[in-house]
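Here is what each chain is made of, one letter per residue.
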Amino acid sequence: MCRASPIALSIILLCLHSAYSRLVSKYSGRSASAEDEAIDAKISWTLSSLIGIQPEGEGVRAPATVQRPPSRAEQRTARVNAKKGAQADREGIGTPRGFTTIRADDLVVVDVVAKSKDDAPRLLEELEQMGMENGVAFQKVVSGRLPVSAIDRLPSLPRLHYASRSFIVHRGAFDSLGSVDVARGLATSQGDLAHRVDVVRTTLGLTGRGQKIGLLSDSVDMTSRFFGSMAKDVETGDLPPKGILVVQDGSPGDIDEGRAMAQLVHDLAPHADLSFAAAFIGAAVFANNILRLAEFNDILVDDISYYAEPFFQDGTVAQAAQTASEKGVSYISSTGNNGINAYQDSFRDAGVPTTITGPTGEVVTYTAHDFDDSEAVVDHQVIHVPVFESFEISLQWSEPFFSASEGPAGSRSDMDIMLFDMANNPLNLLLGSGGTDLNIGRDAVELLWFTNDGNIDVDGVPGPDTAFKLKILLFEGPAPELMRYLWVPLGNSYPQTFFNGAPTVCGHKNVPLSIAVAAAYYADTPRFGAVDPPVAEPSTSHGQTPILFDKDGNPTFEMRKKPDITAADGTHTTFFGSFVDNSGFPNFFGTSASAPHVAAVIALLNEWKAGMTPEEIRDVLFETAIDMDDYIDLSQQGPGDFDVGHDNQTGHGLMDAYAAVTSLANIPVCLTETSVKEVACAADNESPCRGTPSDDALGVSVEDGQGSLTADGREGNDCISVTINSDSSALDLMRVAGGRGSDYIVIDGKVPFIGKVEVTGGLFTEDDDARDTILLKIDAGRDNKGVEVTVIASENSTADMILNFGVTRDEKCRADMLKVNSRGSSTLSYDDFRGEIRAGDKLVGMIYPPLPKDALTIDGSIVTRICSVTVPPFQQRPAVELPPITSLLGKEEVPFTGLKPGTRELPIPGCPASLLDETNSAFVTNLIPDGPQAICGTRVAFKSALLDKALPVFDLARDICNGTSLAQRLLFAQLDKPSFIGAEFHNEESMAATWIHVFRGCESDLFFEPSVLRGTLLDGLIIFIAEPGLYAFLINNMCDSDITADVTITCPEPPPPNDPGNVTGPINGTDEEKLFLLAHRDAHKGEGR
């Protein structure tokens, strides 16, 4: 029998079966047969070369192939061609040798691509029937371990597009790279997985060493002790042992959002130093604390904004953030959670003044803005504010801010924003709600806030009012060419009419060098398998906002591309957030949670490559991000074509920490995107495995080794994978040297019975001044015998990282030794939190995962793992697990899109025509054919029984009633005029439990999205529907079962309203209000108007 020999490739090829001969002819450039082409159409040569292995045979020698990181499973296996082999010979590498033996009963790791994403689950089932183990379907790719004997049946699978073995060529080339990973603390952020930080940590050991991160938020140690404390977080490991350096904390009663941010940073960059300063004590303190923290930090991150920060000019906080960036500090800020919840337009004169007459006849006259851009004139928006709910507004316009300008510039216009009840009484003055400041020569901003306390009832129908009028008013000065108000609902209030949606990223988040971070729920990222590409949170703030004035207040124009990047939110902390995913830990939502993840990843980048500028860091993050779509496009008020590249919702896309880190300089070649040829090498006494002066990937197989063997990467950023087979009993010494450059060395197999394994990242005699990574995957030898690692520390050297030092993959002890040649007599010390070994003050080596101090001994220049000391099991980080609530996103989620009066929409948005099928007749009643207002007087009675299947729309099961679908009633009806809607409840059960929700469209689940919700009726309440059109009336008892709802929907008619263009009175004004009106009028006069 012909036996394969590692002497020469030609001998191996001659001894293989016919399938391999076909591949040899292909590599040689000869045309393949039709049969070969048919096999190639379905199967990579890496699999077809294994067809025909006989069960009774000794197997075949095949090129060593390995498993890629799961996130790269879609990358196709590369082929080594004859031309590259010839070039390798000329470079002195030699013909590839060192194949592995594969037998008929072996399993091989495969990537099988389905014809479509929908085909993948069925393809997985078929492959499992063929014997696949550990199979996983992700998008179109199915990966797993497939029996060799099943390979020849792959082409017969109708859903299969292409199949291959995983092979060493692209990023993550070496077999299952990654050390044992450990967690600290009670809660771990899912951002660690969503951004592949875990891969960075276990592959390169980057944990933020030497980095300093400053946080700015409300507080870190001021909340109730019920929610923990900084000291408690240190005790549990959710914060660093040194805690947080507090420059200035917040105030008693603050909620410690800053501490929650710190927990997220610590999860991803556990060895970074953290500091904090409050940003809740005014813009000046915020700006000052930015500069204070910038003095001693590398990275700053905040989650605070002020409503009065200028939209169209860089204010004080923005200028401080820019200054910090110009000093070399990376500045990260959350964009905010305002979606496109803003109104923007040029000021248009409505032509009819709004006048307010005081008790003595004095009149304050305003020019009202016309919200309707057609020939019609409408001087107000209708605002829906349920009882006991609130909203806030920041109105700004295209005039400079005095507070932001170095010169005397200030606003030339005095604008007010005022709220009126439906009888045209001005509520700002009555309730002290703001919105009427003096602006000439000051800041071009008005802030209005309002809470409906239920005491306003002037609309002529019973019950507290929920509809109000909002006006934008010009008192004096030029009409603004651009104005925008930011709408901040504190509950379910929203504008019902003329709300067009506008960008909301502004203030210091809009400065050129800062990184403005959008948010995506962690479960809506590809790593968790639910979506690809990732999907942004609908609430994440949109750009772009123009800069119209420079710091001197002079006119300019600059449109800044914001946001910059997207990161995960909804991640776990120990105390902060809401309970969503049934994990036992609260989920921290919003861009306040996403921004800390970016800060942590920048710490990893800085650890690998010190001295990068903020501009360089931005470029790295942006170029490696996963592209996402702006599914809320202001140009079309809804989803459209995919936005390739930067967009106004997600920036450059989802941050990918592994892609960012491995794009940097001096990354070992097997971890980069660059395709690299792997050279297989069988180490023996006569021919050491050696690299070239360039980047190399050496796969070294030690089988039946004798004497002393050597593998040397020589020059370049090399990867060397050494596998020592268990039968290498005659091996005396295996020496592995990375050579000069940043090298990646993997030692696998089993420590020889007699011989030693010595490893160094550089040279055994001198340091290469580069960070090398040594991953020890090898099993311990006799008596827990381990590996000897040598590090040489010179004055300018960079410490090497040893992964799995003293620990096998199954967490057993391996008595590894670390020899430190520090070129001096400095005493060694060990930090068991950071896993750092120092010679004096010099960092000479790092180990991950860190081991307890008593597990190591230091004897002169040697650090040894002591196997007589038992190390407790490492705390495991959470696995990739899709939560029960996979997404908070429904197709209907488009932020507030108020419709103009007279708008008709057919069909009702989001309501499929199938709802009118007979199968839904128990759920849906269509009153539209009965004409306008047919809903008025309609009585509905039903019992809220449990359903055996989900409803097609407005189902309660997923997010409301914990998996339970309950009977409801949905009525479609038309309103042909602005209408009041009420209800008469006919039994006590209905009064207590029945809800009537009025929607402008249908939702998949019951989300109460402001884009479609128009109001909710309970007993005694009446709502106002401002826009004519088609509506969905949903009646339910929420999660209460076995309750009979019995209600009649009513349409009460109010008396004729006052002239909407003129306010006379105020009708319900108090003496204090009248005096305030006169003072306001006199103050305006005093300004010379």
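As the structure is a computational prediction, the values presented were derived from the model and not from experiment.

The rules behind the values
- Residues numbered from 1 in each chain as written.
- Predicted model: local features only at pLDDT ≥ 70, side-chain atom pairs only at ≥ 80, totals over all residues.
- Heavy atoms only, no water.
- Helix = DSSP H or I, 4+ residues; strand = E, 2+ residues; numbered from the N terminus.
- Buried < 20%, exposed > 50% of the residue type's maximum accessible area, 1.4 Å probe, protein only.
- Contact = heavy atoms within 4.5 Å.
- Areas by Shrake-Rupley, 256 points an atom, 1.4 Å probe, with all protein chains shown as cover.
- Pairing = 2+ DSSP bridges.
- Axes fitted to C-alpha atoms, helices over the stretch in contact; angles between N-to-C directions.
- Parallel < 35°, antiparallel > 145°, perpendicular 65-115°, else oblique.
- Salt bridge = Lys/Arg side-chain N within 4 Å of Asp/Glu carboxyl O.
- Disulfide = S-S within 2.5 Å.
- Polar contact = N/O pair within 3.5 Å; in protein donor to acceptor, adjacent residues only side chain to side chain.
- Patch = residues over 30% accessible without salt bridge, like charges linked within 9 Å, V, L, I, M, F, W, Y side chains within 5 Å.
- Lys, Arg positive; Asp, Glu negative; His and termini not counted.
- Charge placed at Lys NZ, Arg CZ, Asp CG, Glu CD.
- Expected span 1.5 Å × (residues − 1).
- Phe/Tyr/Trp six-rings, centres within 6.5 Å; stacked < 30°, edge-to-face > 60°.
- Lys NZ or Arg CZ within 6 Å of the ring centre and 35° of its normal.
- Core = buried A, V, L, I, M, F, W, Y, C linked by side-chain atoms within 4.5 Å.
- Domains from an automatic or database assignment.
- pLDDT = per-residue confidence, 0-100.

1. So, the overall build of the chain
When helices and strands are tallied, the chain shows 18 helices and 53 strands. Residues counted as buried form 59% of the 1089 residues belonging to the chain. Put simply, 76% of the contacts in the chain that link residues at least 6 apart link residues at least 24 apart. With an accessible surface of roughly 40,800 Å², the chain has 51% of that area assigned to carbon and sulfur atoms.

2. Examining unusual backbone geometry
Glycine aside, the phi torsion of most residues is negative, and most peptide linkages are trans. Look at the link from Gly543 to Gln544: it is a cis peptide, with omega at 10°. Following Lys562, the chain continues to Pro563 via a peptide bond in cis, the omega torsion being -5°. Mapped onto the elements of the fold, Pro563 is located in the loop between strand S24 (555-559) and strand S25 (565-569). The phi torsion at Arg196 lies on the positive side, around 60°, for a residue other than glycine. Within the fold, Arg196 resides in the loop between helix H7 (191-194) and helix H8 (197-204). The phi torsion at Asn666 lies on the positive side, around 65°, for a residue other than glycine. With respect to the helices and strands, Asn666 occurs in the loop between helix H16 (657-661) and strand S28 (678-682).

3. Looking at the sheet that holds strand S42 (residues 842-848)
In any sheet, the strands associate via hydrogen bonds between backbone groups, in a parallel or an antiparallel arrangement. Taking strand neighbours across the sheet as the criterion, the nine strands line up as S28-S30-S32-S34-S36-S38-S42-S41-S40 in an open arrangement whose pairing is mixed. Each edge of the sheet is formed by a strand with only one pairing partner; in this case those strands are S28 and strand S40 (828-831). Each adjacent strand pair in this sheet contributes to an overall mean axis angle of 15°, direction not counted. Pairing analysis gives four bridges linking S40 to strand S41 (residues 836-839), with the strands arranged antiparallel. Paired with Asp831 across the strands is Glu836, a residue of S41. Taken strand by strand, H8 contacts strand S34 (744-749), strand S36 (773-776), strand S38 (800-803) and S42, and its axis lies near 100° from that of S38.

4. Some words on the packing of helix H11 (residues 283-294) against helix H12 (residues 316-326)
Where H11 meets H12, the axes come as close as 8 Å, and the angle between the chain directions of the two elements is 5°. Here H11 is positioned roughly parallel relative to H12, judged by the angle of their axes. Here Ala283, Phe286, Ala287, Ile290, Leu291 and Ala294 of H11 come into contact with H12, specifically with Thr316, Val317, Ala320, Ala321, Thr323 and Ala324.

5. Brief notes about helix H15 (residues 614-624)
Considered for burial, the residues of H15 that qualify are Pro614, Ile617, Arg618, Val620, Leu621, Phe622 and Thr624. In the core, the buried residues of H15 are packed alongside H12, strand S11 (330-334), strand S22 (515-521), S25, helix H14 (591-608) and H16.

6. Observations concerning the pattern of salt bridges
Under the counting rule described, the total for this entry stands at 36 salt bridges. Notably, a salt bridge pairs Lys977 with Glu1053, separated by 3.3 Å at the nearest N-O pair. Within this pair, whereas Lys977 is found in the loop between strand S47 (969-975) and strand S48 (979-985), its partner Glu1053 is found in the loop between strand S53 (1044-1050) and helix H18 (1071-1086), the two being separated by 76 residues in sequence. Residue Lys977 is classed as partly exposed on the basis of its relative accessible area, which comes to 35%.

7. Thoughts on the sheet that holds strand S37 (residues 785-792)
With mixed pairing, the eight strands of this open sheet are ordered in space as S29-S31-S33-S35-S37-S39-S44-S43. Only two strands of the sheet have a single neighbouring strand rather than two, namely strand S29 (689-690) and strand S43 (856-859). Bridging between S29 and strand S31 (residues 707-712) involves two bridges; their strand directions are parallel. For Cys689, the partnering residue across the bridge sits in S31 and is Ala711.

8. What to know about the state of the cysteines
If you walk through the whole model with that rule in mind, you get three disulfides. What pairs with Cys670 in a disulfide is Cys719, and their sulfur atoms sit 2.0 Å apart. Between Cys670 and Cys719 the sulfur-sulfur dihedral comes to about -80°; the bridge is accordingly left-handed. Note that Cys670 is positioned in the loop between H16 and S28 and Cys719 in strand S32 (residues 719-724), a separation of 49 residues in sequence.

9. Regarding the side chain of Thr207
By the element assignment, Thr207 lies in the loop between H8 and strand S7 (212-217). A polar contact is formed between the side chain of Thr207 and the side chain of Arg209, at a distance of 2.9 Å. Every residue in contact with Thr207, bar those within four places of it in the chain, is listed here: Arg201, Ala269, Pro270, His271, Ala272, Leu604, Glu607 and Tyr848.

10. Quick notes on a negative patch on the surface
Taken together, the side chains of Glu326, Glu615, Glu616, Asp619 and Glu623 make up a negatively charged region of the molecular surface. Broken down by element, the residue count for the negative patch peaks at four residues, all from H15. Structurally, Asp619 is set in helix H15.

11. Remarks on the packing of H14 against H15
Contact geometry for H14 and H15: axes closest at 11 Å, N-to-C directions at 110°. Classified by the angle between their axes, H14 and H15 sit roughly perpendicular to one another. Here Val598, Val601, Ile602, Leu605 and Asn606 of H14 lie close against H15, whose contacting residues are Ile617, Val620 and Leu621.

12. Concerning helix H10 (residues 257-268)
Relative to the 16 Å expected for 12 residues at 1.5 Å per residue, H10 spans 17 Å between its end C-alpha atoms, a close match to the ideal helical length. Counting buried positions along H10 yields 12 of 12 residues, so the element is predominantly enclosed. For H10, the set of buried residues is Glu257, Gly258, Arg259, Ala260, Met261, Ala262, Gln263, Leu264, Val265, His266, Asp267 and Leu268.

13. Topic: the pairing of S53
Looking along a regular strand, one sees side chains alternate from face to face of the sheet. Across the seven residues of S53, five count as buried, placing the element largely inside the fold. For strand S46 (residues 939-943) and S53, the ladder comprises five bridges, and the chain directions are antiparallel. Residue pairing in the sheet places Phe942 in a bridge with Ala1045 of S53. As judged from the four bridges shared by S48 and S53, these two strands associate in the antiparallel manner.

14. With respect to the side chain of Ser334
You can see Ser334 is positioned in strand S11. Leaving out residues up to four positions away in the same chain, Ser334 has contacts with Asp302, Asp303, Ile304, Lys509, Val517, Thr591, Ser592 and Ala595.

15. Digging into the packing of aromatic side chains
Going through the model one piece at a time under the given rule, you end up with 16 aromatic pairs. Measuring from ring centre to ring centre gives 5.0 Å for Tyr521 and Tyr522, while their planes differ by 65°; the resulting arrangement is edge-to-face. With centroids separated by 5.9 Å and ring planes inclined at 75°, the aromatic side chains of Phe575 and Phe576 adopt a geometry described as edge-to-face. Using a relative accessible area of 11% as the deciding quantity, one classes Phe575 as buried. Among the residues examined, Phe576 registers a relative accessible area of 13% and is labelled buried. Following the ring pairs from residue to residue traces out a cluster consisting of Tyr343, Phe371, Tyr485 and Phe499. In this structure, Lys471 is placed above the aromatic ring of Phe420, and the distance from its NZ or CZ to the ring centre is 5.2 Å. Geometry around Phe753 places Arg782 over its ring, the cationic atom sitting 4.2 Å from the centre.

16. Quick look at the nonpolar core
Grouped together as the largest cluster of nonpolar side chains are 113 residues, with contacts concentrated most on Ile332, Val598, Leu621 and Met734. Examining the composition of this core, we find that 11 residues originate from one element, H14, more than from any other. Here this core gathers at least three residues from each of two domains, domain 2 (190-204 + 283-337 + 510-663) and domain 4 (676-865). Among residues more than four places away in sequence, those in contact with Val598 are Ile332, Ile515, Val517, Ile565, Ala567, Leu621 and Met655. Val378, Val385, Phe391 and Leu395 belong to the second-largest nonpolar core, a separate cluster that totals 30 residues.

17. What about the confidence of the model for the chain?
Within the chain, residue pLDDT values average 80, and 79% of them lie at 70 or more. Averaged pLDDT values over the elements of the chain bottom out at 26 in helix H1 (residues 9-15) and peak at 97 in strand S10 (residues 299-302). Here residues 1-32 is a poorly scored stretch, pLDDT under 50, and it has 47 contacts once near neighbours within four places are set aside; other chains count.

18. Description of the environment of Asp832
In this fold, Asp832 is placed in the loop between S40 and S41. According to the relative accessible area criterion, Asp832 is partly exposed, its value standing at 32%. Separated by 23 residues in the primary sequence, Asp832 and Ala855 have C-alpha atoms spaced 9.8 Å apart.

19. Considering the environment of Phe576
Residue position: Phe576 is located in the loop between strand S26 (571-572) and strand S27 (587-588). Along the chain, Phe576 and Arg259 lie 317 residues apart, while their C-alpha atoms are 8.8 Å from each other. Setting aside its immediate chain neighbours within four residues, Phe576 contacts Ile255, Asp256, Glu257, Ala260, Pro586, Asn587 and Phe588.

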